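Letter by letter, the chains look like this.
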Amino acid sequence: MSTHVVSPWRAPLIAVEHHWTWYRRNWRATVISNFLQPVLFLLAMGVGFGSQVREGEATGGHPYLVYLAPALLVITAVQNAVFESTWAVFSAFKWQRTYLAAVATPITPAQVLHGQLLWIALRLVTGTAVFLLIAVALGAISSPMAVLAVPFAALAGMAFSAPAVAFTATREKPDSFNAIFRFLVMPMTLFTGGFFPLSQLPAWIHPLAWLTPVWHGIELARGATFGTLRLLPALGHVAYLSALVALGVLLGRRYFRRRLAV
Amino acid sequence: MSDPAATVTSVTSTLVNAKGLTKHFGSFEAVRGIDVEVSRGEAFGFLGPNGAGKSSTMRMVSCVSPRTGGELRVLGLDPDTDGPRIRARIGVVPQQDNLDTELTVRQNLQVYGRYFGLSRSAVRAKATELMEFAQLSDRADAEVEPLSGGMKRRLTIARSLVNDPDLLLLDEPTTGLDPQARHLLWDRLFRLKQSGVTLIITTHYMDEAEQLCDRLVVMDGGRIAAEGSPGELIRRYSTKEVLELRFPPGEQSGDEVRDLAERIEVLPDRVLLYTSDGEAALAAAHARGVRPVSSLVRRSTLEDVFLRLTGRTLVD
C-alpha cells in the first residue's frame, strides 16, 4: 500500500471518478432534464411551430428546424450547466458535504473546484453529443460540420458554469438559484438569437445579448454548422467565452479556498 | 522510500507539537494560545464543553483550517506549507458525517481511497478489509442514506482508515449514538490503539475519555485548563471518593456537613462531599443528625474534574 499526494493534474480526474461513480448509479434521474426536455423543444418548436415558418433570409435559407437545432444545442448546454453549477455544488458544500470530505484528503480546495468543473464539462460534451445524434435522427441537421457545434456549445455552457460555480461557493442558502434560472437563464435563452434573429429585437437589447455566453455560443454553433463562420469573429467569440471560464476559475479558486479552508 | 516526510517522522516520536496555537474567526478567538504535544502510539483526548475550541484545534491539526498564530507541527511538518503531505498520512473523523450518502458503503470507501492516490485494486482490497473491521460487510452494496447513525459513524471511521494513517483524529466520534453503537465503536477504537495507531479524540463524554485516553487536556474558553492522565487529573482536581447526599429540593444547606469533606458543592437537590473516605463522611453526617432522602458513595470520575474546571453553567 502506498498513499501519496496525487499530482495537481491527476487530482481533478480522481474527483471526476467520484462523480462518475455517482452518475453510474443515478444517470436515469438526469435523463429527463438533460435529453427529454430539449427533444421536446426540438419537436414543439422545430417540427410543430417550425412548420409554420417560411424559410427565408431570417432562417439563413434553411428550414426552421434546421435553423433552430444548433442554437438549441447551445441553449441545452447552458440550461444543463445551471443545475450542475448551483444546486449540485451547493449540496456538496452544505448538504452532502462531500467537498469537506475531499479536502480532508491530500486534495486541495482548488483541485476540488477543478474536478467539479471538469465533470460539468464532460457532462455538457456528452449531453450535447447525444442531443446532436437525436437531432440528426429527427432530420434537424443538414451538415456534418454540426459536429463542431458540440465543443462550442460545451464552451458556452462552461462560460456560464464556471462563474456560476464560483457564485454558488459564496452562498449560505440556496435562495437565489431559482431566480438565476428565471431571470438570467430564461431571458438568456429566449432573447439571444436562438429562436429568432436578434435583429427583431429593439437595438438597446443587443448589447445585453452580446454579454451573454449563449449569444456567442449560438453564433459559433450556427456559423460552424452552416459554414458562415469567419475566422476573426470566431476567435473573438471563443476568446470572450474562454475569458468567462478563466474568470470563473480564478474567482472559484478564491471562494473555494475561503469556504473550505476556514 | 525517499519521501522526506517518512524520514522526518521515523526519527521523531512527537506526532503533534503545538506552541501558543491560536485560531481567530473575525474578532472571535476560538483558540487562545494552547501548547499540546502528542507522542506516537498515544491516545490523546481533548475534553471541554461546547465552544471550548476543541473542534477548531482538531481542524487545524488535520490541516484543513489554517492557524491564526503560534507554532504547529504535525508529523514533523508545517501544515501551512505541507498540508497535502500531512493529510496523506492522517485519518479524519469529522464531527458531522460527510459520507456520500447516494453511494454504497463499498463505493464510499473506494472513492475515498482513490483521493489518497491508491490504485483501483488497492482500494478494492482495502474496502473489503475495512467493511469487515467496521462490521458492515453485509451492507457492502447498500446505499448509505438509509443506514442507521451508528452504521454511518462506523463507516466514517472505516473510511478514515483507508490510507492506513499514522495519526487518527476523531471529533466527537460517538455523539448521538445509542449505548450499543458506542460500545462497538469504543471496541474498534481500542483495537486501533492496540495496533499502534495514534489517536486524538475530542469528546464531552467523560466515560469515553476515561476508557480511551492515555492523556488528555481539558479545554475551556479556548484555553487549556488542565492536562494529565485521567487518573492524575482526578487526583489533582478531585478527591478519591464523592459522597452524594440527596435532599428534597430546597431543604439542604450544606452548612452542617461543610467541615466533613475537603470540598463540598451544594446543588438544588443534592450536596456533594469530596472526600477520601465517603463512608466515614456519611457516618459522621448521620451522627450529626443529617437525614438525607438517600445517599451514595462513589469514586471520583473525570466528570467531577470536568465540572470543577469548566463550571456547571451551560455554555451554549
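Cut-offs used in this document
Residues numbered from 1 in each chain as written. Chains lettered and ligands numbered in written order. Predicted model: local features only at pLDDT ≥ 70, side-chain atom pairs only at ≥ 80, totals over all residues. UniProt positions renumbered as here; feature names shortened; annotations may be inferred. Helix = DSSP H or I, 4+ residues; strand = E, 2+ residues; numbered from the N terminus. Contact = placed C-beta atoms within 7 Å. Nonpolar A, V, L, I, M, F, W, Y, C, P; charged D, E, K, R; others polar. Domains from an automatic or database assignment. Pairing = 2+ DSSP bridges. pLDDT = per-residue confidence, 0-100.

Considering the UniProt feature "transmembrane region" (unreviewed entry) in chain A
Residue and element names in this part refer to chain A.
And then number 1: Listed under "transmembrane region" (unreviewed entry) in the UniProt record, and renumbered for this structure, are residues 31-52, 64-90, 117-141, 147-167, 179-198 and 231-251.
And then number 2: This span, residues 31-52, is 82% helix and 0% strand, and a straight line between its end C-alpha atoms measures 30 Å.
And then number 3: The straight-line gap between the two end C-alpha atoms of residues 231-251 is 30 Å; of that span, 100% is helix and 0% is strand.

Some remarks on the interface of chain B and chain A
And then number 1: Contacts between the two partners involve 27 residues from chain B, matched on the other side by 26 residues from chain A.
And then number 2: Of all the secondary-structure elements, those providing two or more residues to the side of chain B that touches chain A are α3 (79-87) and α4 (105-115) of chain B.
And then number 3: Residue composition of the side of chain B that touches chain A, by class: 13 nonpolar, 7 polar and 7 charged.

Concerning the domain arrangement of chain B
And then number 1: Per the domain assignment, the segments of chain B are domain 1 (4-227) and domain 2 (239-299).
And then number 2: Relative placement of domain 1 of chain B and domain 2 of chain B: their C-alpha centres are 41 Å apart.

Some details on the pairing of strand β12 (residues 270-275) of chain B
Residue and element names in this part refer to chain B.
And then number 1: Examined bridge by bridge, strand β10 (residues 241-246) and β12 share 6 bridges and lie antiparallel to one another. Bridge pairing in β12 places E244 opposite L272.
And then number 2: Counted along the chain from strand β11 (residues 263-266) to the antiparallel partner β12, the turn is 3 residues long.

Comments concerning the confidence of the model for chain B
Residues and elements named next belong to chain B.
And then number 1: Averaged over all residues, the pLDDT of chain B is 91; the fraction at 70 or higher stands at 95%.
And then number 2: Put simply, helix α1 (residues 4-11) is where chain B has its lowest mean pLDDT, 47, and α4 is where it has its highest, 98.
And then number 3: Overall fold confidence (pTM) sits at 0.90, and the ipTM for the predicted complex is 0.91.

A few points about the UniProt feature "domain: ABC transporter" (unreviewed entry) in chain B
And then number 1: Residues annotated by UniProt as "domain: ABC transporter" (unreviewed entry) correspond here to residues 16-246 of chain B.
And then number 2: Taken end to end, residues 16-246 of chain B comprises 37% helix and 29% strand; its first and last C-alpha atoms sit 45 Å apart.

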